[in-house]
Amino acid sequence: MREEQIYTREPCDDDSAADAFDFVVVGAGAAGCVLANRLSEGGNWTVLLLEAGGSETYSMSVPYFMGRLQQTEFNWNYRTVPSDTVGAGLAGKINYCPKGKIVGGTTVLNAMCVIRGHRKDFDRWEAIGNTGWGYEGVLPYFRKMEDMQIPHLKNSKYHGRGGPIKIDYFPYQSELSKLVIQAGKEMGYEELDYNGEKMTGFGRVQTTSFNGTRWSASRGYLHPIRHRKNFFLRKRSLVYKILINDGTKTAFGVKYRRDGKSFTVFARREVIVSAGPIAAPQLLMLSGVGPKEHLQKLKIPVIHDLPGVGRNLLNHGAYLGLIFTTDKPLSRTPPQVYGDAANYVDYFTAHRGPLSSVGIETVSFHELKGTEFYSPGYPRFESQYVSSTLIVNRETAGGFRIPPRLYDTYFKPLENKNSFQVYVFDLRPKSVGKLTLADNNIDTPPIIDTNVFGEEEDVKVTIAGIREMIKMMDTPSFKKVGGKLYDTPLPGCETYAFGSDDYWKCAIHKLSVIFYHESGTCKMAPISDKMSVVSPELKVHGIRNLRVIDTSIMPFMVSGHLSVTGYMIGEKGSDLVKKDHVL
Ligand SMILES: Cc1cc2nc3c(=O)[nH]c(=O)nc-3n(C[C@H](O)[C@H](O)[C@H](O)COP(=O)(O)OP(=O)(O)OC[C@H]3O[C@@H](n4cnc5c(N)ncnc54)[C@H](O)[C@@H]3O)c2cc1C
């Protein structure tokens, strides 16, 4: 048994010399792990899963350690280009763009929130010609991936049981979380299963966790298949080229680098790219599939001109400065959590206590009644209630690139106060960015221009959201604890009257972050759409035996978070592949 198998049941690293497989899947993230599992079930085909990162470890399963994981080698550590619209007040005007480089992909680094989106989001995908991707077409796959643990949701027709991914609440729920749900009721909202019939309202956050531990893509989809004879996982294997026959335009294998050596493997049936929204378009372009002029400029031989590769970069963006103070402590700051030995005892004996949560235990969804953005039954913004002001702590603030001076003037005064933070974000922003290559080398990170908050409408929606949150302080529940908006003007925005639209606009552009929901860079749409990269069967236009199956295929943003969308795409994509290779 190799060392990496001692603490987890992750499959061993395959070091056989086999060089031909039925399917070669690139990237062991949310979608890639699903494909490896589903295509190897039945034993008819051999499947090789190539992952650039190494093994998941036990400590990664502790929810509260989430933020720290971003400061490790298990993160690709991408950065965005400097921006005046999102995070203009961050160091260098640059946002971090974390992505998991590990078996399990970004599901090992993420906040574990399970929020699928609204049925209308998927109906919109179908309306542009993606037959079968409407809500009724995707719901069975959302259910298939789930093993619902929350007692009152186990028998809901919207949820699944017995699937690979366990869904549960975090065992820990702060006083803040309870209070927010109560306040929501006082504002006239329902407490509900936002992944069910209706979405508007408040709820405890459903999470990809089990018994207080992270349930990653690898735990759910790879651990159970570690003994399959037809499944092979090669770790620390960086794929740098998809091999495509220029004459027949057929993909037949990939080249990858492992431990300093180069290898070639062949795919008898298909190459499937599941490298995620940043690396999938990067790999296509490095292999000669992408916008012709861009590739020619970088001296990459063009195999197929596909102008849409890397375009349509979707994302959410959140304002970081919405903070409320209270007379009573409702939650704990990171130093309080990390500094109390009792929390480790609680966690390591019973998987309970604050370490069993990432710090977000409640979410709510709002329609913005009375504004131009109101659409009955279709919420337009989400709030996440952070169980402490995580950011009132130098280390966490640094994790968002908040410069020391900004920290000292805006956040430091809160260090000895009781406060909590609300992330508000527009669920369906209009801004769209793009991803391009910096050069023709896989080791050079691509240029990520998110354009988040580039459209005026997205800023207006966020302002409307902030105002809705401020109203929450008028509820009896928050009055009882002295809930108050933190109204120190943000440095750089003092010239505007605090609370005016102009003030909030300034603050949003300065103190915002991308919400790590990059997607859409290999857009799924019929070929008639010039920006389309893959067909509704997820086949790359113009190339045989090559598909992209991960969150990069999303044509439009969903009103949710993307790991479960990734699982759904992996599940549905597996069925589409199987259909084409019926024995
Ligand atoms: C900090 C953070 C918090 C988040 N919080 C949430 C949340 O609470 N809820 C939620 O639903 N979503 C959340 N997300 C987003 C979600 O986790 C991702 O959108 C989702 O995992 C994307 O799935 P994917 O399969 O497309 O890609 P990924 O899961 O990123 O998988 C891609 C895999 O491909 C590998 N790879 C890339 N390039 C290569 C290459 N050249 N060769 C070999 N392997 C390669 C990568 O190492 C990775 O393992 C969060 C993301 C971040 C960064």
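Small disclaimer: the values here were computed from a predicted structure and weren't measured. (Residues numbered from 1 in each chain as written. Predicted model: local features only at pLDDT ≥ 70, side-chain atom pairs only at ≥ 80, totals over all residues. Heavy atoms only, no water.)

Participant: Explain the packing of aromatic side chains to me, and be specific about the residues and the numbers.
Facilitator: In the structure shown here, the tally under the stated rule is 28 aromatic pairs. Ring centres 6.2 Å apart and planes at 45° place the aromatic pair W125 and W133 in the tilted group. The pair formed by W125 and W133 is uniform in burial state, with each residue classed as buried. Ring geometry for Y347 against F348: centres 5.2 Å apart, planes inclined by 85°, an arrangement best described as edge-to-face. Owing to a relative accessible area of 42%, F348 belongs among the partly exposed residues under this scheme. Here the aromatic residues F122, W125, W133 and F142 are joined through ring pairs into a cluster of three or more. Here R68 stacks its cationic end above the ring of Y338, 4.2 Å away from the centre of that ring. When the ring centre of F556 is taken as reference, the NZ or CZ atom of R124 above it lies at 3.8 Å. (Phe/Tyr/Trp six-rings, centres within 6.5 Å; stacked < 30°, edge-to-face > 60°. Buried < 20%, exposed > 50% of the residue type's maximum accessible area, 1.4 Å probe, protein only. Lys NZ or Arg CZ within 6 Å of the ring centre and 35° of its normal.)

Participant: Can you lay out the packing of helix α13 (residues 456–471) against helix α15 (residues 501–510) for me, pointing to particular residues and giving the numbers?
Facilitator: Following both chains from N to C, one finds α13 and α15 inclined at 110°, their axes separated by 10 Å at the closest point. Relative to α15, the element α13 lies roughly perpendicular. Where α13 abuts α15, its residues E456, V459, T462, I463, I466, R467 and I470 lie against D501, W504, K505, I508 and H509. Taken together, the residues of the contact of α13 with α15 break down into six nonpolar, two polar and four charged. (Axes fitted to C-alpha atoms, helices over the stretch in contact; angles between N-to-C directions. Helix = DSSP H or I, 4+ residues; strand = E, 2+ residues; numbered from the N terminus. Parallel < 35°, antiparallel > 145°, perpendicular 65-115°, else oblique. Contact = heavy atoms within 4.5 Å. Nonpolar A, V, L, I, M, F, W, Y, C, P; charged D, E, K, R; others polar.)

Participant: Now, about the side chain of T200: what can you tell me, with residues and values included?
Facilitator: Mapped onto the fold, T200 is located in the loop between α5 (175–186) and β7 (201–204). T200 sits in the buried class, given a relative accessible area of 16%. Of the polar contacts made by the side chain of T200, one reaches the side chain of E367; its length is 2.6 Å. (Polar contact = N/O pair within 3.5 Å; in protein donor to acceptor, adjacent residues only side chain to side chain.)

Participant: Describe the site of the ligand, and please don't skip the residues or the numbers.
Facilitator: In the region of the ligand, 38 residues are neighbours, and E51, T106, C113, T551 and S563 sit closest. For the ligand, an oxygen atom lies 3.0 Å from a polar atom in the backbone of A31. One nitrogen or oxygen atom from the main chain of M112 is found 3.1 Å from an oxygen atom belonging to the ligand. For the ligand, the protein covers 98% of the area, taking 1,000 Å² as the surface of the free molecule. Grouping the constituent residues of the shell around the ligand by class yields 21 nonpolar, 14 polar and three charged. (Near = heavy atom within 4 Å. Areas by Shrake-Rupley, 256 points an atom, 1.4 Å probe, with all protein chains shown as cover.)

Participant: Pulling in residues and values, what's your account of the UniProt feature "active site" (unreviewed entry) in the chain?
Facilitator: Within this structure's numbering, the places UniProt gives as "active site" (unreviewed entry) are H517 and H561. Separation in sequence by 45 residues is not matched in space for these annotated residues, since their most distant C-alpha atoms are only 6.9 Å apart. Judged by its relative accessible area of 9%, H517 is buried. Among residues more than four places away in sequence, those in contact with H517 are L314, N315, H316, M557, G560, H561 and L562. With respect to the helices, strands and loops of the structure, H561 is situated in the loop between β25 (546–548) and α16 (562–580). When its relative accessible area of 7% is taken as the criterion, H561 is described as buried. With sequence-adjacent residues up to four places away left out, H561 is seen in contact with C113, I115, E382, Q384, F425, F515 and H517. (UniProt positions renumbered as here; feature names shortened; annotations may be inferred.)

Participant: Requested: an account of the domain arrangement of the chain, with residues and values cited.
Facilitator: Examined at the domain level, the chain breaks down into domain 1 (3–56 + 217–314 + 519–580) and domain 2 (69–99 + 171–204 + 316–514). One C-alpha centre belongs to domain 1, the other to domain 2, and the line joining them spans 32 Å. Each partner contributes to the interface: domain 1 provides 30 residues, whereas domain 2 provides 31 residues. Contact with domain 2 buries area across many residues of domain 1, yet I278, L313 and S559 alone supply 28% of it, more than any other trio. Taken together, the connections running from domain 1 to domain 2 amount to one salt bridge. Joining domain 1 to domain 2, the criterion identifies 10 residue pairs in polar contact (both at pLDDT 80 or more). (Domains from an automatic or database assignment. Buried area = accessible area lost by both parts, 1.4 Å probe. Salt bridge = Lys/Arg side-chain N within 4 Å of Asp/Glu carboxyl O.)

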